[in-house]
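Reading the structure
If you want the building blocks of each chain, they are given just below.
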Amino acid sequence: QNQKSNNFNPEKIVDSDDEESDELDIGFKASKETPDWSIILDKGQSELLEVNALLDLAGIIEVNSDGKNPDPKLLNLLEIIQKHFEKTDKPILVFARYLSTIDAAVKFVESELGDSLEGIGIYKGGGDISVKFKSLPNYQKKTKDDVKEYLNRGMIDILFCTTAAQEGVNLQAASAMVNIDVPWIPSDLEQRIGRIARLGQEAHEVTIYNLCYPNSY
């Protein structure tokens, strides 16, 4: 027969990710009824100092960015796109895992290159696919087949993609790909690359750019 244990003690639950859990636990063990608030206050003050230091650093970055996006990945992305279109008129794909990353990339690239682009596409999950052309001011909802046709006809210069586009859609009209983030799983990266490096690719060679932050590897 299974017997339930009555020895459960919620005070013994410790977050294994908290490096300071042992220190806090000592304070509570000193008196189960009255915790050692000095340790808790010291920890809180230390974290507050760290937060304020980060805010000060963010302020310095903003002041010295001259109104430009200080994210080195987005700056590098912009440079890659500019050099790409100096050599060819073939479309380029931009991949990222997170929606917020794609949104930030679209906003930044549009602000810098919007007037020079014939068309921009955004391919997200759940059928959230949209395209904006130079002749139209707003994005329009489209389908997967629409995007493939626009790429083949050269009507889209850049297609921004989330992981929803890394399988099940052939985008071989493009000749280059930029991965703003690199998937931890190698097969996911291969799936992305397989959108353009495949049988039937239009370019003789395709170029893949994988971006990373300095000293992050």
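By convention here, each chain's residues receive numbers from 1 onward along its written sequence. Only residues with pLDDT of 70 or above have their local features reported here, since the model is predicted, and side-chain atom pairs are shown and tallied only from 80 upward, although totals for entire chains, interfaces and linings are computed over all residues. Values reported for side chains reflect all heavy atoms of the structure, with hydrogen atoms and water molecules removed beforehand.

1. Points about the confidence of the model for the protein chain
In the predicted model, the protein chain carries a mean pLDDT of 82, and the fraction of residues at 70 or more is 80%. pLDDT: the predictor's confidence for each residue, scored from 0 to 100. Residue contacts follow a heavy-atom distance rule, with two residues in contact if any of their heavy atoms lie within 4.5 Å. Low pLDDT, under 50, characterises residues 1–6; the stretch is placed with zero contacts to residues that sit more than four places away or in other chains. For the stretch residues 8–28, pLDDT sits under 50, and the model shows 15 contacts to residues farther than four places along the chain or on other chains.

2. Focus on the pairing of strand S2 (residues 119–123)
We call a residue buried when its accessible area falls under 20% of the maximum for its residue type, exposed when it is over 50%, and partly exposed in between, using a 1.4 Å probe and counting protein chains only. Comment: elements are numbered from the N terminus, with helices defined as DSSP H or I runs of at least four residues and strands as E runs of at least two. For S2, the tally of buried residues reaches five of five residues, placing the bulk of the element in the interior. Across the two faces of S2 the burial is the same, with Gly 119, Gly 121 and Tyr 123 and Ile 120 and Ile 122 all buried. Two strands pair under a simple rule: DSSP has to find at least two bridges between them. The pairing of S2 with strand S3 (residues 129–133) spans five bridges and is antiparallel. Bridge pairing links Ile 122 to Ser 130 in S3. Bridge analysis of S2 against strand S5 (residues 158–161) gives four bridges, and the strand direction is parallel. Bridge pairing in S5 links Gly 121 to Leu 159.

3. Re the side chain of Gln 166
Of note, Gln 166 is situated in the loop between S5 and strand S6 (176–179). If we ignore the near neighbours within four places in the chain, the residues touching Gln 166 are Phe 95, Asp 188, Gln 191, Arg 192 and Arg 195.

4. Description of the nonpolar core
With 23 residues, the main nonpolar core has Leu 77, Ile 81, Ile 92, Val 109, Ile 158 and Phe 160 as its most contacted residues. Of all elements in the fold, only helix H3 (72–87), strand S1 (92–95), helix H4 (99–113), S2, S5 and S6 reach the threshold of two or more residues within this core. For this core, the leading source of residues is H4, giving six residues. Not counting residues up to four positions away in its chain, the partners in contact with Ile 92 are Ile 80, Ile 81, His 84, Phe 85, Asp 157, Ile 158, Leu 159, Ala 174, Ala 176, Met 177 and Val 178. Judged by nonpolar contacts, the second largest core, of 21 residues, contains Leu 151, Leu 159, Leu 171 and Ile 193. Take the buried residues of types Ala, Val, Leu, Ile, Met, Phe, Trp, Tyr and Cys, join any two whose side-chain atoms come within 4.5 Å, and each joined set is a nonpolar core.

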